[in-house]
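Residues per chain are reported as follows:
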Amino acid sequence: MTVQTPSVHRPAARRPVRPRRATRPRPAPREKGRRGLLSPLRLVIALAVVLVFVSPIYLTVVNAFKKEDDIVSSPAAPPVHPTLGNLSTALQRPDHLLQLGLRNSLVVVVCSVLLLIPLGSAFSFYVSRRRTRLRALVLAVLAAGLMIPPQVVLLPTIRILDFLGLDHSYPGLILSNLGGGYFSFAVFVYVGFMRAVPDEVVEAARLDGAGGLRIWWTIIMPLVRPATATVAIFLSLWIWNDFLNPQFILGPLQGQTITTGLYLSVGQFQMDYGQLFGIMFLAGVIPVAGYLAMQKQFIAGLTSGSVK
């Protein structure tokens, strides 16, 4: 007699279940339509903003090489028959307003920037190595120089210059540029760059016997060269385009800056548009040339820290 053993049923091996990839929900047809409409809308808005900023430059350039009748009849049209008469008329004024204005503006800008950069960078080096609370307090006080409008402090500035005997003078104008928003802007830019300099670099220089002044000039300043270019370009443009301080501090002094010279060239009853556009065009050549000369360092200063 044979005994049959019961067969054991073994379950089949299951295949490992792979996790399903999370599928992104498909956008609804309405969302697709909105995205499609937003792209052209953004492009139109961007072009409109660009035109708003570029249109004054375009009008200045094209009208500087057009005759008076063409400027009055069609100011936005390009010059059909270009002429250099406006530039020669602006340069041949009997009062030499353009030459004196460019010279005086250049002297004020160069002297102000050459004083603001070392003062701002040295003070920033001192502040950047202090405690966090002290640094925050100093920066909060300097922020007032950026927030308070210059018109508010104009009269006290004139009174101080009058007390020092520097009113209606270019040294007084240069001294007034050393305070307020110009110095605050330089400190804010330099502090941001100098805080990124490792403390080990400064400590190693101190161990070698270098003093604070030598560390600032020979080590820190070369490291923050992009910041120096950024500060120099911004401050130069702001001081060059300043109208309020030269108008009230210099007063009726002969040979004012280029901005007050443009104001004086506007006639009360009759206006020579060709000569005015010629002066404006020549007045903008020097700032553009300075920016192009420092463009590389300026871009490096703006993009510093974005890519490691």
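Scroll up for the structure.
Residues numbered from 1 in each chain as written. Predicted model: local features only at pLDDT ≥ 70, side-chain atom pairs only at ≥ 80, totals over all residues. Heavy atoms only, no water.

A.B. asks: How would you explain the nonpolar core if you had to name every residue and give the values?
C.D. replies: The biggest cluster of nonpolar side chains holds 47 residues, and the ones touching the most others in it are Y190, I220, V224 and L235. Broken down by element, this core gets its largest block of residues, 10 residues, from helix α8 (residues 181-194). Not counting residues within four places of it along the chain, the set of residues in contact with L235 comprises V113, L116, Y182, F185 and A186. (Core = buried A, V, L, I, M, F, W, Y, C linked by side-chain atoms within 4.5 Å. Buried < 20%, exposed > 50% of the residue type's maximum accessible area, 1.4 Å probe, protein only. Helix = DSSP H or I, 4+ residues; strand = E, 2+ residues; numbered from the N terminus. Contact = heavy atoms within 4.5 Å.)

A.B. asks: Summarise empty space enclosed by the protein; cite the residues concerned and give the values.
C.D. replies: Using the criterion set out here, one finds one cavity of 30 Å³ or more in the structure. Taken as a whole, the largest cavity encloses approximately 60 Å³ of empty space. S105, V108, V109, L173, N177, I239, W240, D242, N245, P246 and T257 are the residues that line the largest cavity. (1 Å grid on protein atoms, 1.4 Å probe; cavity = no way out; pocket = protein on both sides within 12 Å on 5 of 7 lines; lining within 4 Å. Points joined across faces, edges and corners; volume = space filled by probe spheres on them.)

A.B. asks: Provide a residue-level description of the packing of helix α4 (residues 97-128) against helix α7 (residues 170-177), including the pertinent values.
C.D. replies: At a closest axis distance of 9 Å, the pairing of α4 and α7 adopts a crossing angle of 45°. It follows that α4 is oblique to α7 by the angle criterion. Pair α4 / α7 crosses with right-handed handedness. Of the residues in α7, those touching α4 at N104, V108, C111, S112, L115 and L116 are Y170, L173, I174 and N177. (Axes fitted to C-alpha atoms, helices over the stretch in contact; angles between N-to-C directions. Parallel < 35°, antiparallel > 145°, perpendicular 65-115°, else oblique. Left-handed = near helix turned anticlockwise from the far one by under 90°.)

A.B. asks: Give me the layout of surface pockets: which residues, what numbers.
C.D. replies: Remark: the empty space left among the atoms is shown by a probe the size of a water molecule rolled over them. By volume, the largest pocket is sized at about 630 Å³. Lining of the largest pocket is provided by 19 residues; of these, I57, M280, A283, G284 and V288 occupy positions nearest its centre. Broken down by element, the lining of the largest pocket gets its largest block of residues, five residues, from helix α15 (residues 285-293). Counted by class, the lining of the largest pocket contains 15 nonpolar, four polar and no charged residues. As for the second largest pocket, its lining consists of 19 residues, of which P150, V153, G179, G180 and G181 are closest to the centre. Of all the elements in the fold, those that place two or more residues in the lining of the second largest pocket are α5 (132-147), α6 (154-164), α7, α8 and α12 (244-250). (Nonpolar A, V, L, I, M, F, W, Y, C, P; charged D, E, K, R; others polar.)

A.B. asks: Describe the pattern of salt bridges, listing the residues and the values that go with them.
C.D. replies: Side-chain pairing between opposite charges can occur once the charged atoms of the two side chains come close. If you walk through the whole model with that rule in mind, you get two salt bridges. The partner of D95 in a salt bridge is R93, with the nearest N and O atoms 2.9 Å apart. Classification of D95 by relative accessible area gives partly exposed; the value is 31%. The salt bridge involving D199 is made with R129; its shortest N-O contact spans 2.4 Å. One end of the pair, D199, is in helix α9 (residues 199-207); the other, R129, is in the loop between α4 and α5, with 70 residues separating them in the sequence. (Salt bridge = Lys/Arg side-chain N within 4 Å of Asp/Glu carboxyl O.)

A.B. asks: Outline the packing of aromatic side chains, supporting the account with residue identities and numerical values.
C.D. replies: Counting across every chain of the model gives seven aromatic pairs. Ring geometry for F185 versus W238: centroids 4.8 Å apart, planes at 65°, classification edge-to-face. Of the two residues, F185 is situated in helix α8 and W238 in helix α11 (residues 225-240); the sequence distance between them amounts to 53 residues. Exposure remark for W238: the relative accessible area of 37% places this residue in the partly exposed category. When the ring of F234 is compared with that of W238, the centres are 5.7 Å apart and the planes differ by 50°; the resulting orientation is tilted. With F234 and W238 both in helix α11 and four residues apart, this pair spans about one turn of that helix. Judged by relative accessible area, which is 27%, F234 ranks as partly exposed. One aromatic cluster is present, formed by F185, F234 and W238 through successive ring pairs. (Phe/Tyr/Trp six-rings, centres within 6.5 Å; stacked < 30°, edge-to-face > 60°.)

A.B. asks: Now, about a nonpolar patch on the surface: what can you tell me, with residues and values included?
C.D. replies: A contiguous nonpolar patch, built from L41, I45, V49, V50, V52, F53, V54, Y58 and L59 and spanning about 820 Å² of accessible area, is present on the exposed surface. Following the sequence through the fold, L59 ends up in helix α1 (residues 29-63). Residue class for L59 comes out partly exposed when judged on its relative accessible area of 31%. (Patch = residues over 30% accessible without salt bridge, like charges linked within 9 Å, V, L, I, M, F, W, Y side chains within 5 Å. Areas by Shrake-Rupley, 256 points an atom, 1.4 Å probe, with all protein chains shown as cover.)

A.B. asks: An account of the packing of α4 against helix α13 (residues 258-265) is requested, with residue identities and associated values reported.
C.D. replies: One way to put it is that α4 packs onto α13 with a least axis distance of 8 Å and a crossing angle of 155°. On the basis of the axis angle, α4 is roughly antiparallel to α13. In contact with L97, L98, G101, L102 and S105 of α4, α13 contributes I258, G261, L262 and L264.

A.B. asks: Can you lay out the side chain of N63 for me, pointing to particular residues and giving the numbers?
C.D. replies: As for its placement among the helices and strands, N63 is situated in helix α1. Residue class for N63 comes out buried when judged on its relative accessible area of 1%. If sequence neighbours within four positions are ignored, N63 has contacts with I71, P75, N86 and F277.

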